[in-house]
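Residues per chain are reported as follows:
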Amino acid sequence: MPVLDVFLAPSPWDVPVSYRAILDTGADDTVIPRGFGKHLGLPLQGSTKLAGVDRIWYNVDIFRASLTIAGQSFLTDVREYGPELLIGRDILNQLDLRLDGPNLELLY
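Computed from a predicted model, the values in this text were never measured in an experiment.

S.K.: Help me get a handle on the packing of aromatic side chains, residues and values and all.
M.R.: Enumeration according to the criterion identifies two aromatic pairs in this entry. Arranged with centres 5.4 Å apart and planes meeting at 50°, the rings of Tyr 58 and Tyr 81 form a pair that is tilted. With a gap of 23 residues between them, Tyr 58 in strand 5 (residues 57-69) and Tyr 81 in the loop between strand 6 (72-80) and strand 7 (86-87) connect regions that are remote in the sequence. Overall, the relative accessible area of 29% leaves Tyr 58 in the partly exposed class. Residue Tyr 81 is classed as partly exposed on the basis of its relative accessible area, which comes to 21%.

Below, the structure is given as structure tokens:
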């Protein structure tokens, strides 16, 4: 699966922390692992319902985060759900990425 280094912070003025993220073209939204919001001090924006691949609806918290991916910065809402950091189409649709499968490379 394609992965990419992502830098996360509560705001663009805070020092970001680097994480490996899965690029998930099947996810509508960007998702952070459970507990990340509080751990990173991200501002809580509210909550919503989210359905995972199991088609079960879960209550999840929404946090505001500053993300830097492939040299581009975004101030966006992220959902806290599951064990993985997933970059969804809300961000992917704004990036110019190329997956070179035969060479196992992600180009940006």
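S.K.: Break down the confidence of the model for the chain for me, citing the residues and quoting the values.
M.R.: Scored by pLDDT, the chain has a mean of 93; 100% of the residues are at 70 or more. Mean pLDDT per element in the chain: strand 9 (residues 105-107) is the minimum at 82, and strand 3 (residues 31-32) is the maximum at 97.

S.K.: Run through the side chain of Ser 66, naming residues and quoting values.
M.R.: Structurally, Ser 66 can be placed in strand 5. Using a relative accessible area of 8% as the deciding quantity, one classes Ser 66 as buried. Apart from the residues within four sequence positions on either side, Ser 66 is in contact with Phe 7, Leu 8, Ala 9, Pro 10, Ser 11, Pro 12, Phe 74 and Leu 75.

S.K.: Kindly report on the pairing of strand 5, identifying the contributing residues and their values.
M.R.: When strand 1 (residues 3-9) meets strand 5, the two strands line up antiparallel, connected through four bridges. Bridge pairing in strand 5 places Val 6 opposite Ile 69. Across seven bridges, the pairing between strand 4 (residues 44-51) and strand 5 is antiparallel. Looking at strand 5, one finds that Leu 44 is bridged to Phe 63. Here strand 4 hands over to strand 5 after five residues, with Arg 55 in that stretch at a positive phi of 65°. As paired elements, strand 5 and strand 6 share eight bridges and run antiparallel to each other. From the neighbouring strand, Thr 68 faces strand 6, where its bridge partner is Ser 73. From the end of strand 5 to the start of strand 6, which pair antiparallel, there are two residues, and Ala 70 there has a positive phi angle of about 50°.

S.K.: Quick rundown of the pattern of salt bridges? Include the residues and the values.
M.R.: Working definition: two side chains of opposite charge can pair if their charged atoms are close together. For the coordinates displayed, the defined rule picks out four salt bridges. Its salt-bridge partner being Asp 5, residue Arg 20 comes within 3.1 Å of it at the nearest N-O pair. Residue Arg 20 is located in strand 2 (residues 17-23), and its partner Asp 5 is located in strand 1; the two are separated by 15 residues in the primary sequence. Arg 20 gets classed as exposed once you look at its relative accessible area, which sits at 53%. With its nearest N and O atoms 2.2 Å apart, the salt bridge here joins Asp 28 to Arg 89. Taken together, the residues Asp 28 in the loop between strand 2 and strand 3 and Arg 89 in helix 2 (residues 89-92) connect sequence positions 61 residues apart. Looking at Asp 28, the relative accessible area reads 49%, which means it is partly exposed.

Definitions and limits used
Residues numbered from 1 in each chain as written. Predicted model: local features only at pLDDT ≥ 70, side-chain atom pairs only at ≥ 80, totals over all residues. Heavy atoms only, no water. Phe/Tyr/Trp six-rings, centres within 6.5 Å; stacked < 30°, edge-to-face > 60°. Helix = DSSP H or I, 4+ residues; strand = E, 2+ residues; numbered from the N terminus. Buried < 20%, exposed > 50% of the residue type's maximum accessible area, 1.4 Å probe, protein only. pLDDT = per-residue confidence, 0-100. Contact = heavy atoms within 4.5 Å. Pairing = 2+ DSSP bridges. Salt bridge = Lys/Arg side-chain N within 4 Å of Asp/Glu carboxyl O.

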